[in-house]
Amino acid sequence: MRSFSKLLILVILLALSGLSPAEKVVVFLYHRFDDDRYPSTSTSTVDLVKHIQFVRERNYEIWTLRDLVDYLSGRKDLHRTAVLFTVDDGYLTAYTKAFPIFKSFGVPFSVFLYVEGISKYPDYLTWDMAREMAEWGVEFGLHSFSHCSFPSMLNKMDEGELEGYFRADTVKAREIFEKELKTSALYYAYPYGHYTAVMRRVLKELGFVLAFTQDVGSLKRGYDRFTLPREPLLEDWASVQHLEYIFTREPLLLEEFEPSDRGIRKNTPVRIRARLLEGDKKYIRAQVYVTGKGWLEAEINGSEVSLKDPVIVARDQTRFGIRVRSEDEKWYYRFWYVPVLDLSLIHI
C-alpha cells in the first residue's frame with residue numbers, strides 16, 4: 001500500500017509539472033552466472049535476484065523480444081520504462097543457475113546461442129536443455145556459428161569477402177538452430193558486440209528482425225533495429241548503484257554520425273560528428289566519447305555535434321559516443337562501434 005501511495009504521488013507531481021516519465025527501453029546483458037573462473041563475464045545469482053527485484057520495485061515493464069519488435073514497429077506503446085533480460089553464448093550456467101531464478105520470479109528472458117558450442121562443449125547448453133527452456137517460454141536467438149570477431153577480418157579480406165563469410169556462418173547457424181528448436185531464427189547478437197555495415201545488411205537480407213550490440217545505453221522507437229544497445233551487468237557493473245546510474249541515461253536519436261561502422265584506419269586522424277534527429281530539444285552542452293580517451297568537450301550548433309579537432313585512434317576495437325545535456329539537466333546518450341584496422345582493404 002505504501003509503495004502504491006508513493007507511485008500515485010509521483011504520477012500526480014509529474015502531471016502537475018507537465019512532465020511524463022521518460023520513454024525508454026533498457027536491455028540487460030549477461031553471460032555466465034556464479035562462475036569464478038571467468039569473473040569478467042560472470043554475474044552472481046545474488047546480483048541477478050537484486051536486478052529482478054530492482055525492476056519489480058520500480059514497476060518497470062518486463063518485455064520479451066517479441067514485445068520489443070512490436071514496440072519498434074509501432075504496434076505497442078510505452079509510456080515509461082521497459083526492461084529486457086538477455087544472455088549471450090548459451091553457457092551451461094544459463095540453465096543450471098539463471099533459469100531456475102527467472103522461473104521462480106516468472107520473468108521472461110532470452111538467450112543468444114553460440115551454435116557450434118551447443119551440445120559439443122561441456123561448458124555449454126545441450127539442445128535438450130534449450131528445448132526445455134523454450135517450452136517454458138525462453139526466447140532464443142543466434143550468436144553466430146563460429147563466434148569470431150567478424151570485423152577484424154577486414155584486415156585480410158575486402159567487404160565483399162567479409163559479406164560472403166558472414167553470410168555463410170549465419171546461414172549455417174540458422175539451419176542448425178531451426179532444425180533443433182523447430183522455430184525461426186529472427187534475433188541476432190553480434191559476437192563480442194562487434195559489427196559492421198556489411199553485417200547489418202546481411203542480417204536484414206536474411207530476414208532477421210532485431211540485432212543487438214554491446215554498446216551501452218537505452219533505446220526507444222526510431223533506433224536502428226540492427227544496432228540495438230545493451231547494458232552488460234558484470235563484476236562491478238552488476239551492483240545496484242550501477243543499475244541506478246544506467247537508468248539516468250536517456251536515449252538519443254541520431255540522424256547520422258561519423259566515423260561510420262564500415263571501419264577506419266589505425267593511427268590516422270578521425271573527425272567525429274553527429275546530427276541529432278531530435279532538433280526540437282534545446283541542448284546546452286555536448287561531449288564526445290572515444291575508447292581510451294574518455295569524454296571530450298564538443299561543440300554543438302543546432303542539431304550538429306562535433307569535435308573541433310580530429311583524434312588519432314590506435315586501438316583495434318573502438319567505441320564512439322555522443323552525449324548531450326538538455327535544459328532539464330538530463331543527459332542523452334548514443335554509442336556506436338567502429339572497427340579500427342591495420343590494413344584497410346575497404347574504400348573509406
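Rules used throughout
- Residues numbered from 1 in each chain as written.
- Predicted model: local features only at pLDDT ≥ 70, side-chain atom pairs only at ≥ 80, totals over all residues.
- Heavy atoms only, no water.
- Salt bridge = Lys/Arg side-chain N within 4 Å of Asp/Glu carboxyl O.
- Helix = DSSP H or I, 4+ residues; strand = E, 2+ residues; numbered from the N terminus.
- Pairing = 2+ DSSP bridges.
- Buried < 20%, exposed > 50% of the residue type's maximum accessible area, 1.4 Å probe, protein only.
- Polar contact = N/O pair within 3.5 Å; in protein donor to acceptor, adjacent residues only side chain to side chain.
- Core = buried A, V, L, I, M, F, W, Y, C linked by side-chain atoms within 4.5 Å.
- Phe/Tyr/Trp six-rings, centres within 6.5 Å; stacked < 30°, edge-to-face > 60°.

## Things to note about the pattern of salt bridges
Part 1 of the reasoning: Applying the stated criterion across every chain, the model contains 31 salt bridges.
Part 2 of the reasoning: Put simply, Arg167 and Glu205 hold a salt bridge, and the shortest N to O gap is 2.5 Å. Within this pair, whereas Arg167 is found in helix H6 (residues 159-181), its partner Glu205 is found in helix H7 (residues 197-205), the two being separated by 38 residues in sequence.
Part 3 of the reasoning: It is possible to trace a salt-bridge network through shared partners that takes in Glu256, Glu258, Arg273, Arg275 and Glu304.

## Brief notes about the pairing of strand S17 (residues 294-301)
Part 1 of the reasoning: Sheet analysis places strand S16 (residues 283-290) next to S17, joined by five bridges and oriented antiparallel. Note on S17: the bridge partner recorded for Tyr289 is Trp295.
Part 2 of the reasoning: As consecutive antiparallel partners, S16 and S17 are separated by three residues, and within that stretch Gly292 has a phi angle of approximately 90 degrees, a positive value.

## Section: the side chain of Asp35
Part 1 of the reasoning: Along the polypeptide, Asp35 turns up in the loop between strand S2 (32-33) and strand S3 (42-43).
Part 2 of the reasoning: The class for Asp35 is buried, based on a relative accessible area of 8%.
Part 3 of the reasoning: A distance of 2.8 Å separates a polar atom in the side chain of Asp35 from a polar atom in the side chain of Arg37.

## Notes on the nonpolar core
Part 1 of the reasoning: Among the nonpolar cores identified, the biggest contains 84 residues, and Phe28, Phe85, Phe109, Leu113, Phe140, Tyr188 and Val324 are the most heavily contacted of them.
Part 2 of the reasoning: Ranked by size, the runner-up nonpolar core spans 20 residues in total, among them Leu65, Leu68, Leu78 and Ala189.

## Looking at the packing of aromatic side chains
Each aromatic ring pair is characterised by the separation of its centres together with the angle its planes make.
Part 1 of the reasoning: By the definition in use, this model includes 31 aromatic pairs.
Part 2 of the reasoning: Measuring from ring centre to ring centre gives 4.1 Å for Phe102 and Phe109, while their planes differ by 20 degrees; the resulting arrangement is stacked.
Part 3 of the reasoning: Given a relative accessible area of 0%, Phe102 falls into the buried group.
Part 4 of the reasoning: What makes Phe109 buried here is its relative accessible area of 2%.
Part 5 of the reasoning: Taking the centre distance of 4.5 Å and the plane angle of 35 degrees together, the rings of Phe257 and Trp336 count as tilted.

## Regarding unusual backbone geometry
Part 1 of the reasoning: The residue after Glu258, namely Pro259, is reached through a cis peptide bond having omega 0 degrees.
Part 2 of the reasoning: Assignment of secondary structure puts Pro259 in the loop between strand S12 (254-258) and strand S13 (264-265).
Part 3 of the reasoning: Residues other than glycine seldom take positive phi values, yet Asn267 does so here, at roughly 60 degrees.
Part 4 of the reasoning: As for its placement among the helices and strands, Asn267 is situated in the loop between S13 and strand S14 (269-270).
Part 5 of the reasoning: One non-glycine residue, Glu329, adopts positive backbone phi at about 75 degrees.

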